Amino acid sequence: MYPAMPQLSLSDDMDMPRALSTDIFDYRAGVFTPEECARYLDVFIRSVPWEHRRVMMYGREVLTPRLTAWYGEGADYPAHDRPSAHAWTAELLEIRARIEPLAGATFDAVLLNYYRDGRDSVSWHDDEDRIPGKNMIVASVSLGQERVFDIRLKADHSIKTSLLLQNGSFLLMKGDFQRKYDHRIAKSKKPMGPRINLTFRRLLR
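Everything quoted here is computed from the prediction, not taken from an experiment.

Trainee: Which residues make up the sheet that holds strand β5 (residues 67–72), and what values do they have?
Mentor: The strand order β1-β2-β11-β8-β13-β6-β5 describes an open sheet built from seven strands, whose pairing is antiparallel. Each edge of the open sheet carries a strand with a single partner, namely β1 (19–21) and β5. Sheet twist, expressed as the mean angle between neighbouring strand axes with direction ignored, is 15 degrees. Sheet topology places strand β8 (residues 138–144) next to strand β11 (residues 170–173); four bridges connect them, and they run antiparallel. Across the sheet, residue S140 finds its bridge partner in β11, namely L171.

The structure is reproduced here in structure tokens:
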């Protein structure tokens, strides 16, 4: 049995700490200013070649409930048969340069997820991506609407916790996070504005 996850009991109706660290992740609020977030959000919504992909789920083909795009340095995305990555943009390179010192790692690819409103979501998953070496370090940047990030222990789904990902925040998933835990962004019935999440990875070995 894996050790129990710290029971953080964080939610969107509680005051959030500016920084929160455990052995599996580091969270930092306000890494990007509201002005920077608004600029990046506008540029990405307008200029990114978003894909609405079809995936197999429970034996039938469905559209993913969000839009995605894949960028990097020749790093194809092996987990989901994506086409070759788009070339880095100036804005993505700016964001990467800001977060690499915080992560203590370098990244050669980034997956962008566009949540248009509260109906968009991502189901329980990990980011191992089925590649040699796995994704032991994944850096996530949130722009726009705050959304609740749920985490559960793979060995016991009753052990869960949640973290509110704020506009301009940075989340580093590290250590055994991908091996031991799943995570998701659930649908919400609350009115929600657009959110773009960037998950930086290292795929070229």
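Trainee: Describe in detail the confidence of the model for the protein, supporting the description with residues and values.
Mentor: In this model, the protein carries a mean pLDDT of 83, and residues with pLDDT of at least 70 account for 77%. Note that residues 1–16 has pLDDT below 50 and, in this model, 36 contacts with residues that lie over four places away or in other chains.

Trainee: Lay out the sheet that holds strand β12 (residues 181–185) in plain terms, naming residues and giving numbers.
Mentor: Spatially, four strands are ordered β7-β12-β9-β10 in an open sheet, and the strand pairing comes out antiparallel. Only two strands of the sheet have a single partner each, and these edge strands are β7 (122–125) and β10 (156–165). The sheet shows a mean angle of 15 degrees between the axes of neighbouring strands, direction not considered. Taken together, the seven bridges between strand β9 (residues 147–153) and β10 define a ladder with antiparallel strand orientation. Within β10, the residue paired with D150 across the bridge is S162.

Trainee: Go over the packing of aromatic side chains with me, naming the residues and quoting the values.
Mentor: Tallied over the full model, the rule gives six aromatic pairs. Ring geometry for F32 versus Y40: centroids 6.2 Å apart, planes at 85 degrees, classification edge-to-face. For F32, a relative accessible area of 2% translates into the label buried. On the basis of relative accessible area, Y40 is assigned to the buried category, the value being 2%. Ring centres of Y40 and F44 lie 6.0 Å apart, and the angle between their planes is 10 degrees; this geometry places the pair in the stacked category. One end of the pair, Y40, and the other, F44, are both in helix α1 (residues 34–47), four residues apart, so they sit about a helical turn from each other. In this structure F44 comes out as buried when scored by relative accessible area, which is 1%. Feature note: the residues F32, Y40 and F44 constitute an aromatic cluster, connected by ring pairs. Taking the ring centre of W88 as reference, the NZ or CZ of R96 above it sits at 4.4 Å.

Trainee: I'd like a description of helix α2 (residues 90–103), backed by residues and values.
Mentor: Compared with an ideal rise of 1.5 Å per residue, which puts 14 residues at 20 Å, α2 spans 20 Å between its outermost C-alpha atoms and is within 8% of the ideal. Within the span of α2, buried status applies to L92, I95, R96, I99, E100 and A103. Remark: G104 follows α2 within two positions and exhibits a positive phi of approximately 65 degrees.

How each quantity is defined
Residues numbered from 1 in each chain as written. Predicted model: local features only at pLDDT ≥ 70, side-chain atom pairs only at ≥ 80, totals over all residues. Heavy atoms only, no water. Pairing = 2+ DSSP bridges. Helix = DSSP H or I, 4+ residues; strand = E, 2+ residues; numbered from the N terminus. Axes fitted to C-alpha atoms, helices over the stretch in contact; angles between N-to-C directions. pLDDT = per-residue confidence, 0-100. Contact = heavy atoms within 4.5 Å. Phe/Tyr/Trp six-rings, centres within 6.5 Å; stacked < 30°, edge-to-face > 60°. Buried < 20%, exposed > 50% of the residue type's maximum accessible area, 1.4 Å probe, protein only. Lys NZ or Arg CZ within 6 Å of the ring centre and 35° of its normal. Expected span 1.5 Å × (residues − 1).

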